[in-house]
Each structure stands twice: as structure tokens, then as C-alpha cells.
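Here is what each chain is made of, one letter per residue.
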Amino acid sequence: ILNGEPVKLGVANFAARFGQAGADDFYTAYFGKNVWTSDLYGNGTTGQDNFKDSVMDSLEDMYVLQLHMDEYNVSITDDEKAAITAAAAQFMEDNSKDAINALGATQEIVEEYLTLETIQSKMKAAIVAGADTNVTDEEAKTGAYSYVGISKTTHQDESGNTADRKSTRLNSSHHGIAFGVFCLK
């Protein structure tokens, strides 16, 4: 439920399955056959779970954009609605029953998904068009860049003196590791 309106599970399922169908070859080529069941990012979740989270985040964004259409004078015209209905019907006609079942697609679900995609596109254009792109010199100075060095061979003891490390926990072939950090103030 988003702002009191139910988010249809069928739309989320379709978005995930449709996205997965498009991404499967790409991800499999880079990460192998177990792409959906592997912990690709070392965060304790599978590629499938990461993908589902991404789809849900995208759908949430789409539904939030839909809620704010009036604020940007964005609407879906009758011609756009007709084009969405025709595209959804063509999609249903062009795909086999097996593919339709695997995607969890219905005419209504595909229309809703295409409507959300259209709204997202139109809202992005409206938001960008209304954005203030003039940045003052003061606003431009709101970032900083710092390096932190970590040595594998020495460290500072409690007194602030440099001492040799007796053992190391870092598994790097480099003698020092530098991390760049960009901070917005």
C-alpha cells in the first residue's frame, strides 16, 4: 500500500519477470549460470533478491511519481492511453501462452506497467525542465575530497610513534591502500 492505494502484486511480479528476461543473458555472460542464486556483491543476499529489491525500489519510485503528477502538470492523454492499450494488446498477441504465463502478464497488468513507465518518462522530463541549474560559486564549494592511507607494514602506537606491524590482517598485495572519500556538506 502506497499513500492508501494498493500496489498490485501482479505488476511487481511482471516487472521483475520482464526485467529478469531482459537481463538474464547479460548477467549470465558476466557472472555465470548461478547468477540468480549467488551472492554477487558479498552482502549476504542472492542476485535474485538484489534484483527483486531493485524492481521494488523502481516501482515505488514510479508510483510516487504518479502521485505527484498534478504538481508538475503531467497527465496521460487519451491518445497515450490508447497507444498503451494497443501496445499491451500487441505484447499479449506477440508472446506465447507459456511466455505470458511465465511473466504473469495480463492485458491489465501490462497496461499498468506501461502507464507507469510513461509517467516516469514524462515526470523526469518535467522535473528536469523545472530544475534550477544555476549554481552559485558558494553552492559549488560544498564538496571535499580526502585520502586515508592504511599501511600494512607500520602503524601508530598509543603514544603516536610509528611502529612495525607484527602481523597483518589485510589481504592485499599492496603495501598501502588508499581510499578516496567524497563528502557533500
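Conventions used here
- Each chain carries its own residue numbering, running from 1 in the direction its sequence is written.
- Residue-level local features of this predicted model are given only where pLDDT is at least 70; pairs of side-chain atoms are given and counted only at 80 or more, and the full residue set underlies all totals for whole chains, interfaces and linings.
- Water and hydrogen atoms play no part in the side-chain values, which are based on all heavy atoms of the structure.
- Scored between 0 and 100, pLDDT is the confidence that the predictor attaches to each residue.
- A helix here means a DSSP run of H or I that spans at least four residues, while a strand means a run of E at least two residues long, and both kinds are numbered starting from the N terminus.
- Two residues form a contact once any of their heavy atoms are found within 4.5 Å.
- What a helix should span is 1.5 Å times the count of its residues minus one.
- Each residue is assigned a bend, namely the angle between axes fitted to the seven residues that terminate at it and the seven residues that start at it.
- Summary of the burial criterion: residues with accessible area below 20% of their type's maximum are buried, those above 50% are exposed, and those between are partly exposed, where the area comes from a 1.4 Å probe applied to protein chains only.
- Axis lines are fitted through C-alpha atoms, for helices just across the contact stretch, and the angle between N-to-C directions can take any value from 0 to 180 degrees.
- Put simply, angles under 35 degrees are roughly parallel, angles over 145 are roughly antiparallel, angles from 65 to 115 are roughly perpendicular, and the rest are oblique.
- Helix crossings get a hand from a simple test, with the near helix turned counterclockwise from the far one by less than a right angle marking a left-handed crossing and a clockwise turn marking a right-handed one.
- Note on residue categories: nonpolar means Ala, Val, Leu, Ile, Met, Phe, Trp, Tyr, Cys or Pro, charged means Asp, Glu, Lys or Arg, and polar means any other residue, Gly included.

In this model, the chain carries an average pLDDT of 83, and 81% of its residues clear a pLDDT of 70 or more. Put simply, strand β4 (residues 176-184) is where the chain has its lowest mean pLDDT, 40, and helix α3 (residues 78-94) is where it has its highest, 96. pLDDT under 50 marks residues 167-185. Its contacts with residues more than four places away, or in other chains, come to 38 contacts.

Compared with the 33 Å implied by 1.5 Å per residue over 23 residues, the 29 Å span of helix α1 (residues 9-31) between its first and last C-alpha is markedly short. Taken as a whole, α1 carries its principal kink of about 50° at A23. Taken residue by residue, α1 has V11, A12, F14, A15, A16 and A23 as its buried positions. Contact partners of the buried residues in α1: α2 (47-67), α3, α4 (97-103) and α5 (107-130). In the stretch just after α1, G32 is the one whose phi turns positive, near 95°.

Looking now at the packing of α2 against α5. At a closest axis distance of 9 Å, the pairing of α2 and α5 adopts a crossing angle of 70°. Judged by the inter-axis angle, α2 sits roughly perpendicular to α5. Crossing geometry of α2 relative to α5 is assigned as left-handed. Along its contact with α2, which presents L59, M62, Y63, L65 and Q66, the element α5 presents E112, L116, E117, I119, Q120, M123 and I127. A breakdown of the residues in the contact of α2 with α5 according to their chemical character gives eight nonpolar, two polar and two charged.

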